[in-house]
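Here is what each chain is made of, one letter per residue.
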Amino acid sequence: MVKIAGEWLNSCSGCEIAILNLGETLLTLLPELEFVHLPVLTDNKYFGQTGERDALTIPRAVVGIVSGGVRNEEHLEVLRELRAKTDVLVALGTCATAGGIPALANQTSAASMRELVYRGQPSTVPGPDPDPSRHHIPAMLETCDAVSQHVKVDLSVPGCPPHPDWIAEAIVSLLEGRAPAMPERSVCDGCPTRRLGPDSGCAGAGGTLHRLLEQPAFDPDKGLEEMRCLLEQGFMCMGPVTRRGCGGREGAPRCIAARVPCRGCYGPVNAHSLPFVDYVGALTAVGQSYADMPDKPGYLSRFNGSHTIIRKLED
Amino acid sequence: MPRTIRIAPLTRIEGHAALDIHLDEAGDVADARMTVMSLRGFEKFLMGRPVEEVPRIVTRICGICPWQHHIASTKAAEACLGVAPTPTAAQLRELCQMLASIPDKILHFYFLAAPDFVLGPGADPALRNVAGLVGAAPELARKAALMRYRTQMGLEKFAGKVIHPVAVLVGGFSKPLLEHERAELLALTRDALDFSLESVRLARETLLPPLVKRFRELGEYPSAYLGMVDPNDGSLALHDGVLRLMDQDGSHEEFHPSDYTSHLAEKVEPWTYLKFPYMRRAGRLVLDEREPVGLYRTNCLARVNVCEGISTPLAHSELEIFRREFGRPAHQTFLYHWARLIELVYCCERAIELLEDPAILGRDIRTLPIAPRAGEGVGCVEAPRGTLIYHLKCDHEGMVTHANLLAGTTHNNAGMNLSARQAARSAIKGGVYDQGLLNTVEMSLRAYDP
Ligand code: SF4
Ligand code: SF4
Ligand code: SF4
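**Q** Can you lay out the site of ligand 1 for me, pointing to particular residues and giving the numbers?
**A** Lining the immediate environment of ligand 1, one finds A:Ser11, A:Cys12, A:Gly14, A:Cys15, A:Gly93, A:Thr94, A:Cys95, A:Gly159, A:Cys160, A:Pro161, B:Arg60 and B:His164. Each of chains A and B places residues near ligand 1. Those elements that place two or more of their residues in the shell around ligand 1 are α1 (14-20) and α4 (94-98) of chain A. Classifying every residue of the shell around ligand 1 by side-chain character gives 5 nonpolar, 6 polar and 1 charged.

If you want it as structure tokens, here you go:
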């Protein structure tokens, strides 16, 4: 039996549902696993079952799995405790590996967020910020960070959420004591759509880039191999600058299967890639101009806000 | 000596929270507070984004009900841009919302809540979970796990992505439903209906009655309720309709979601990051279990309380059984579990209805063209945890300039705090408590499925 401790930080619980979506595989693996701490499904408490301890404690485990980014002092405390109590720490999901969508907040200040939520809404009677100095709530950090910015991570499983195939690969490889075989390269690499190349004339070439206010061309009765690449059709598809894997071992990229462009939820292709730079080339290759792209940080940094260096916008 | 018991984290719930129970000199409960520890603030970083991208961002607010966020925000964006979905697209969206609700309700009832019913509130905490349920009732647990899994995968197969969906687009839906897909989903949904009927019977005949009796004193107080109904006949509505706010005595008013600020207000407290919505006309919020002021609740119990009936026959007869026993409005917190299963039956029946209508196979899935323009709009659906309201404004290029949202669990913030205090007061006396009693306090929150 391998002991596992799971935690979720600034997360949405989608990563945990993705674990459940292992389905039969999970049932097969279960006899080999013991979840000593997993707040969504089991009742272990930080301060003891009757709140009798003073210090936040997580039981010892071989494997720690953490989803979500780090947004406040409590996340940090939980993360450090989990790191200290586990031999192998897995960062699960793009929030944990690159900040994910919540890290879009890093483009403005934490104070401006509180200003809007507590004093800037038509339904809200304005009130002072919740006060961690006087009450039992953790202070917010200034940014929303990836887990690896605070502790050592042994294995990253990106995806929002990660495909169950790669969660299984991570667990099984740890059980077998071997290196996991995770997908590399870009979403385009596993995309079955037809690419005709720039010479054949791209639908969007020379024209404007399409927002999702328009409809890609495809025949619903025919497979994806009969649909022209969405980027070549002029839609801002983030496939070229996004890590492959969302379709699992066998499937097509998930958004493409729904006939909509990729938005980058697996994060950058690798740790050294720079989506802002790489996308210039991808657009040029289909005859589009990067200068025409609206809201660049909103597309190119939608999921990796903890890692890209973006100038803070005016609050 | 006065002291505080901190229960953290609250477990077998779908979010992140802690409970502080404050004891006085005598060891009796002076107060109890459910604190939400973090602020996610999606409203802030929606600003500056193209309005049609909002539905692809807000899904990440909740991995359990991403479809509801996806759909409600799309409606708000459409109101900004002045477009409406085609009839077929509207059917496809409602279908997806129904299909997404089925695994969610199964997850909550069997995986999160049932360990308390089957193993007992005071069972060994190491076993009081889904693994313990597998040990105690292997057949049932397996069946529930399989049904949850199959419905999730069925929806994923059709819509491409089930957790954090992408198929709902401003003006419509990204792809039509094909005949073979319809046949598969229909077979699946019919199985889900059988399972949901089995579940509601099991719950009302065996699992819930002893607990409803025992928990009456742990959680019953009069409150108002908010939920969506069909504007024509007042029947239960989850996808589209008007909002009905029903007072403690059963009298009610109706309003269009776009008028939410005239009826609902939110209060900020210094001890939690989650705001407290209340009824605007009450002018204030008082958390007193004998005489609450301004307090209303949402989620399934609220919805079955506010509706006149349910448009599908099997769910409606379950509602009648429920009303015969508990009246209308029913105020016991524990009845959330029961109401949730009535809705499970409705979601299956409604999905079947939609799938049986040939119009759902239509190929006209999107209203085009759509041009950016300045606008403002509100979109609303009923999410599993309550009424979900999006309010967006955009400039002439269709870029978001303001965003506000009221999510399901937020509406129940006041109700949950009151339930926690009530449960703590009745469970803990003279400083005597153990893990089982503390779990009963947590059960009063778990009922809300926060
Ligand atoms: S990575 Fe995605 S699915 Fe996982 S917690 Fe973050 S938002 Fe949710
Ligand atoms: S750009 Fe998009 S549609 Fe084109 S190949 Fe890459 S992932 Fe597929
Ligand atoms: S296509 Fe892109 S955005 Fe869609 S699931 Fe795959 S990686 Fe994520």
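**Q** So what about the site of ligand 3? Which residues, and what values?
**A** If you check the shell around ligand 3, you find A:Val187, A:Thr242, A:Cys246, A:Arg254, A:Cys255, A:Cys262, A:Arg263, A:Gly264, A:Cys265, A:Tyr266 and B:Lys161 and nothing else. At the site occupied by ligand 3, nearby residues are drawn from chains A and B. Of the residues that constitute the shell around ligand 3, the class distribution is 6 nonpolar, 2 polar and 3 charged.

**Q** Give me the lowdown on the sheet that holds strand β8 (residues 252-255) of chain B, citing residues and values where you can.
**A** All names here are of chain B. The 4 strands are arranged β8-β7-β6-β11 in an open sheet whose pairing can be described as mixed. Whereas interior strands pair on both sides, the edge strands pair on one side only; in this sheet they are β8 and β11 (296-297). Relative to β8, strand β7 (residues 242-246) runs antiparallel, the two being bridged by 4 bridges. When the bridges of β8 are listed, Leu245 appears paired with Glu253.

**Q** Outline the pairing of strand β1 (residues 2-8) of chain A, supporting the account with residue identities and numerical values.
**A** Consecutive residues of a regular strand have side chains that alternate between opposite faces of the sheet. Residue and element names in this part refer to chain A. Of all 7 residues that make up β1, 5 are buried, and the element is covered over most of its length. Pairing analysis gives 4 bridges linking β1 to strand β2 (residues 33-37), with the strands arranged parallel. By the bridge assignment, Val2 is partnered in β2 with Leu33. In the sheet, β1 pairs with strand β3 (residues 61-67) via 5 bridges, with the strands oriented parallel. Opposite Trp8, over in β3, you have Ser67 as the bridge partner.

**Q** Please give an account of the nonpolar core that cites residues and values.
**A** One finds B:Leu19, B:Ile21, B:Phe111, B:Phe117, B:Leu301, B:Phe322 and B:Ile428 to be the most contacted residues of the largest nonpolar core, which totals 215 residues. Of all hydrophobic cores here, the second largest spans 23 residues; its members include A:Val187, A:Leu224, A:Met238 and A:Tyr279.

**Q** Can you break down the sheet that holds strand β7 (residues 155-157) of chain A residue by residue, with the values?
**A** Residue and element names in this part refer to chain A. Spatially, the 5 strands line up as an open sheet ordered β2-β1-β3-β5-β7, and their pairing is parallel. A strand with exactly one partner marks an edge of an open sheet, and here the two such strands are β2 and β7. Averaged over all neighbouring strand pairs, the angle between strand axes comes to 30°, with direction disregarded. One ladder, built from 6 bridges, connects β3 with strand β5 (residues 86-92); its direction is parallel. Across the sheet, the residue bridging to Ser67 is Leu92, located in β5.

Rules behind the numbers
Residues numbered from 1 in each chain as written. Chains lettered and ligands numbered in written order. Predicted model: local features only at pLDDT ≥ 70, side-chain atom pairs only at ≥ 80, totals over all residues. Heavy atoms only, no water. Near = heavy atom within 4 Å. Helix = DSSP H or I, 4+ residues; strand = E, 2+ residues; numbered from the N terminus. Nonpolar A, V, L, I, M, F, W, Y, C, P; charged D, E, K, R; others polar. Pairing = 2+ DSSP bridges. Buried < 20%, exposed > 50% of the residue type's maximum accessible area, 1.4 Å probe, protein only. Core = buried A, V, L, I, M, F, W, Y, C linked by side-chain atoms within 4.5 Å. Axes fitted to C-alpha atoms, helices over the stretch in contact; angles between N-to-C directions.

The analysis is restricted to geometry; functional conclusions fall outside its scope.
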